[in-house]
Amino acid sequence: MGVIGFDTSNYTTSVAYFDGCSSENISQLLPVREGELGLRQSDAVFHHTKSLPDLSDRLFSRLQNLTIDAVGVSTKPRAVEGSYMPCFMVGYSHAKLLSDALRVPLFTFSHQQGHVAAALWSAGRMDLIDTPHLAWHLSGGTTELLLVTPNGKNVDCQIIGGTTDISAGQLIDRTGQMLSLPFPAGKSLDKLSENGQNREFFRVKCLDMHFSLSGVQNKVQQFYSKGSTPEDTADYALRSVIYAVSKATQQAMEAYPGLPVVFSGGVASNSLLRKETAKFNPVFAEPQYSTDNALGIAALTYRHLED
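Quantities reported herein were computed from a predicted structural model and do not represent experimental measurements.

Peer 1: Describe the environment of Gln 250, naming the residues involved and giving the relevant values.
Peer 2: Tracing the backbone shows Gln 250 in helix H7 (residues 230–255). Taking the relative accessible area as the measure of exposure, Gln 250 reaches 35% and is therefore partly exposed. Note: C-alpha distance between Gln 250 and Thr 277 (27 residues apart in sequence) is 10.0 Å.

Below, the structure written as structure tokens:
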């Protein structure tokens, strides 16, 4: 039994195959012009439409004689009413066509549900999908602390904390732009911070698991303008974000005692974040499955076929 999953986010085009044991995920970042911090939805739709057939061809050429029993796709950012982004319709159109042609079921999910599932599967903790747990969705557009509860074969994600304004990924990318790093800046900023020597950071106020990061951006700019090195500035920005995330995590563990904490989303691949939050004994996605991918969608699709 095998399934195909599609995810067409505002950052990445991806398609995956999953048979319950082995998997194959093929992804491609959407191209962003140098110096810019993302894409308009119309441009994202164009690039998904252009690249998805090639990615599908690469996937199917690697997997000979595969069996496809169902197709899954992310159709919106979150599983709540009114959540919508046009780019997800590209994946849906491809998934619907494939399911109709093969006469197999089509299952739809949210991008966020896919991130949680990808983290759990890659960490070998799919058992947590059937029990309540805490989960961070840390990405270019999202910094949300979630209470995840099982809902049949799927999960419900209730926002209980996180940023009240810009996301961790936005702060990282804006810092990267200031330091002339390529977009998205996560990997480059992570590597640059390894040589930071200052170890300073801004202590973000966190109340009831919520915090603001817009002020951190100003602090990072001030820190750099005073003559700090790019390495120290990268370290300053990341440690400030990690401090806020850690405070909110601690408050959540006190409010929901006994629940494990899962980290998902592209920012969750940051090495400093993983080191500084080890005290919470968290579950982290493998780095390649922290960023946007279709594997989580495929894993959820496979669950819907199981007895």
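Once the structure has been displayed, the description carries forward.
Peer 1: Can you tell me about the pairing of strand S2 (residues 12–18), naming the residues and giving the values?
Peer 2: The buried count for S2 comes to seven of seven residues, which makes it a mostly enclosed element. Residues Thr 12, Ser 14, Ala 16 and Phe 18 point to one face of S2 and Thr 13, Val 15 and Tyr 17 to the other, with burial holding for every one of them. Taken together, the six bridges between strand S1 (residues 3–8) and S2 define a ladder with antiparallel strand orientation. For Ile 4, the partnering residue across the bridge sits in S2 and is Tyr 17. Between the antiparallel neighbours S1 and S2 lie three residues.

Peer 1: I'd love a proper account of the sheet that holds S1, names of residues and values included.
Peer 2: Read from one edge of the open sheet, five strands run S3-S2-S1-S4-S5, paired in mixed fashion. Pairing within the sheet leaves two strands with one partner each, and these edge strands are strand S3 (23–29) and strand S5 (106–110). With strand direction ignored, the average angle separating the axes of adjacent strands in the sheet is 15°. Note that S1 and strand S4 (residues 70–76) share four bridges and pair parallel. Each bridged residue has a counterpart across the sheet, and for Ile 4 the counterpart in S4 is Val 71. In the packing of helix H2 (residues 88–102) onto the sheet, the strands contacted are S1, S4 and S5, and the crossing angle to S4 comes to about 160°.

Peer 1: Requested: an account of the nonpolar core, with residues and values cited.
Peer 2: Of all hydrophobic cores here, the largest spans 40 residues; its most connected members are Trp 136, Phe 211, Val 245 and Phe 263. Those elements that provide at least two residues to this core are strand S6 (133–138), strand S7 (143–151), helix H4 (168–178), helix H5 (186–193), helix H6 (214–225), H7, strand S11 (261–264) and helix H8 (271–276). Take this core: its biggest share by element is 10 residues, from H7. Excluding its chain neighbours within four sequence positions, the residues that come into contact with Phe 211 are Trp 136, Thr 143, Gly 162, Thr 163, Thr 164, Val 204, Lys 205, Cys 206, Ala 244, Val 245 and Ala 248.

Peer 1: I'd like a description of a nonpolar patch on the surface, backed by residues and values.
Peer 2: Judged by side-chain polarity, Tyr 84, Met 89 and Tyr 92 come together as a nonpolar surface patch covering roughly 290 Å² of accessible area. On the secondary structure map, Tyr 84 appears in the loop between S4 and H2.

Peer 1: Could you give an account of the side chain of Gln 251, with specific residues and numbers?
Peer 2: Mapped onto the elements of the fold, Gln 251 is located in helix H7. At 3.4 Å, the side chain of Gln 251 forms a polar contact with the backbone nitrogen of Asp 208. Reaching out from Gln 251, the side chain makes a polar contact with the backbone nitrogen of Met 209 at a distance of 2.7 Å. Apart from the residues lying within four places of it in its own chain, the contact partners of Gln 251 are Cys 206, Leu 207, Asp 208 and Met 209.

Peer 1: Requested: an account of the environment of Asp 69, with residues and values cited.
Peer 2: Here Asp 69 lies in the loop between helix H1 (41–62) and S4. Taking the relative accessible area as the measure of exposure, Asp 69 reaches 28% and is therefore partly exposed. On a C-alpha basis, the gap between Asp 69 and Phe 46 in space is 29 Å, while along the polypeptide they are 23 residues apart. Dropping the residues within four chain positions of it, Asp 69 is found in contact with Met 1, Gly 2, Val 104, Pro 105 and Leu 305.

Peer 1: Could you give me a rundown of the packing of aromatic side chains, with the residues and numbers involved?
Peer 2: Inspection of the entire model under this criterion finds eight aromatic pairs. Centre to centre, the rings of Trp 136 and Phe 211 are 6.3 Å apart; their planes meet at 40°, and the pair counts as tilted. Taken together, the residues Trp 136 in strand S6 and Phe 211 in strand S10 (residues 210–211) connect sequence positions 75 residues apart. As far as the burial class goes, Trp 136 and Phe 211 line up, both buried.

What counts and what doesn't
Residues numbered from 1 in each chain as written. Predicted model: local features only at pLDDT ≥ 70, side-chain atom pairs only at ≥ 80, totals over all residues. Heavy atoms only, no water. Helix = DSSP H or I, 4+ residues; strand = E, 2+ residues; numbered from the N terminus. Buried < 20%, exposed > 50% of the residue type's maximum accessible area, 1.4 Å probe, protein only. Pairing = 2+ DSSP bridges. Axes fitted to C-alpha atoms, helices over the stretch in contact; angles between N-to-C directions. Contact = heavy atoms within 4.5 Å. Core = buried A, V, L, I, M, F, W, Y, C linked by side-chain atoms within 4.5 Å. Patch = residues over 30% accessible without salt bridge, like charges linked within 9 Å, V, L, I, M, F, W, Y side chains within 5 Å. Areas by Shrake-Rupley, 256 points an atom, 1.4 Å probe, with all protein chains shown as cover. Salt bridge = Lys/Arg side-chain N within 4 Å of Asp/Glu carboxyl O. Polar contact = N/O pair within 3.5 Å; in protein donor to acceptor, adjacent residues only side chain to side chain. Phe/Tyr/Trp six-rings, centres within 6.5 Å; stacked < 30°, edge-to-face > 60°.

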